[in-house]
Amino acid sequence: MEESLPKSDANNHAANISGDTATETMQRQHQNHNKSTALLYDHHPRVLDHYSLPTPSSTVRFRSARVHVYDSQGSQLIMEERVTGKTVWGTATEYDTALQQRNWELKDDDDGPEQPIPKTTAAKVVTVKRVGNSSPELLFLRGLYSAIAFFKAAFLFIFAVGLMLFLISDIANKAREVLLYDMSDDQDIVFPLVGTILSIPVFLHGLTQMMTLATSFVADVFAGSPLLLSFGWGVVCTNWVKFIFFIGIPAVCLLSLLLSGSQDVLPHTLVTTFFSVTILFIVFSINIIRFRVSSCLYLIKELYGRQDDMTTTEQLKYIMLNCMESFLAGRIHNNYIYDSNVYDLKRLDSNLVHGDGNNVAPFLYSTHGQWYIKFTQLMPRLFITLDTPTRCWTQAEIDFNIPFYTRRSWSLESVFCRAKRQSYAAVVSGPSGVTLKQVYSSLACYFFGVVFYILLVAGLLVFVQAPSAVIATVVSLSIAYWLWQGIKEYRMMKHASTMIQRVQIDVNVDDDDTALFQKWETFNVTKPTPALCWIA
């Protein structure tokens, strides 16, 4: 049996046996310590930053640990990887064997007897913590940036609403002239009326995109401008640009007006701030559009395998055809419930499910899109029915960006207001599993929400003084629809309970976490012809 020695006794024992001097003993101990430290740091795992992070991590070595720092809206998420170990004193032969197992080479030129040296058993420990790195002054500046960006977005919203109201009022005026004054044959009146009507979808789409960019601009400024930092200007240049347009130009204007003794300090400063932030917003929007267009062109080249010989005209033609084909295609959406133990969560392919029996096979929760597919199949000259349905992969499926519902991440709002077409994994057993109280609370919230929806519809119909027959019909249809949804929910929960019982019997360990995976799978069944794509 191997006997452990205290460190001081082991050093004295080694020096006495080998006849080494004190300096040689210290050098040998230092070499052994370096080998032990190298053996420890060989256990560090490789950490990869996903592109969905706002900013990549910064990796530093701090206090004998490897630290990954992630910035997140005024705080830092720190993941500290530390390798701990227990030192046991043994012989050089035993330590040499341990190093050779890791392809290390131990050279010992001493012909004397074996000396006690340390052996270390490594254990990886990962600590994740959040550290605040913001101050009241920083929060004030960030709040000021966000307020300026918000008022800029509010102005754009008012402008968009006003423009749409102007178009609608112009249509009303021209229609009144046509109807009241019988000018249906006057081309000077009819053509502007038709042109105004046709311009509404164009303006609506353009203004909607503008408001989307404005909202993204406000959210990015509030979060510390991670999207602005990703444009490739460099951290220093980006921060200076943001400071100049948000603070520098308005501050220079304010100081100039104060020193000149002007009486209109506030109006001129606000106008200058508005135009300064507008310039930055235009630059922000141009870069967003540029990245989206360049990514689309790159994907078209990859799709058709023509990276070098495809012209810009061909790229634009294929982009329009693919967009309309994706928009008009007949798709079926299947919602499945899987057991994560028999389903390959990495591949996300239902064809990889193994086993026989209803308890192992996926449970089909719901299906959407059959009516539109049947409608497209009635027009064989305009739509082509595929021999084999083609799978449509989403970005979340490819990257496995799927949320988990656990005991701590559960909430009434997140479950009731979750995206209906979003896949998710619910942990149903084990230490992190959702409890029965949480499940029953979700069911009760679902029931009260359904009752509220039905009463809200009935109340609105009573408010507009709809006939009693209409109110009764609408309420009856609402009750029938939600009753049908409730039956599907009950079937899903019953099948989930069967899955949980089967897993607990197979594993026979109550502490293992078991997850049920709800996943949407989309397949193209029909697609439009190229002629229909160009007409549409």
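Residues numbered from 1 in each chain as written. Predicted model: local features only at pLDDT ≥ 70, side-chain atom pairs only at ≥ 80, totals over all residues. Heavy atoms only, no water.

A. Just the overall build of the chain, in detail. Helix and strand counts for the chain stand at 15 helices and ten strands. When the 536 residues of the chain are sorted by exposure, 32% land in the buried category. Relative to all contacts within the chain whose residues are 6 or more apart in sequence, the contacts with residues 24 or more apart total 74%. Carbon and sulfur atoms form 63% of the exposed surface of the chain, whose accessible area is close to 34700 Å². (Helix = DSSP H or I, 4+ residues; strand = E, 2+ residues; numbered from the N terminus. Buried < 20%, exposed > 50% of the residue type's maximum accessible area, 1.4 Å probe, protein only. Contact = heavy atoms within 4.5 Å. Areas by Shrake-Rupley, 256 points an atom, 1.4 Å probe, with all protein chains shown as cover.)

B. Seen up close, a nonpolar patch on the surface. On the surface, V235, V236, W240, F243, I244 and I249 cluster together into a nonpolar patch covering about 580 Å² of accessible area. If you trace the backbone, V236 turns up in helix 7 (residues 235–260). (Patch = residues over 30% accessible without salt bridge, like charges linked within 9 Å, V, L, I, M, F, W, Y side chains within 5 Å. Salt bridge = Lys/Arg side-chain N within 4 Å of Asp/Glu carboxyl O.)

C. Seen up close, the confidence of the model for the chain. Per-residue pLDDT for the chain has a mean of 75; in total, 73% of the residues score no lower than 70. Confidence, read as mean pLDDT per element, is least for helix 1 (residues 7–18) in the chain (43) and greatest for helix 7 (91). In this model residues 112–117 is a low-confidence stretch, pLDDT under 50, and it forms 24 contacts with partners more than four residues away in sequence or in other chains. (pLDDT = per-residue confidence, 0-100.)

D. The pairing of strand 9 (residues 424–429), seen in detail. Counting buried positions over the six residues of strand 9 gives five, a clear majority of the element. Sheet topology places strand 8 (residues 404–405) next to strand 9; two bridges connect them, and they run parallel. Residue pairing for strand 9: Y405 is matched across the bridge by A426. (Pairing = 2+ DSSP bridges.)

E. Highlighting the side chain of N287. With respect to the helices and strands, N287 occurs in helix 8 (residues 265–304). Taking relative accessible area as the criterion, N287 reaches 8% and is therefore assigned buried. Other than its neighbours up to four places away in sequence, N287 contacts F231 and W233.

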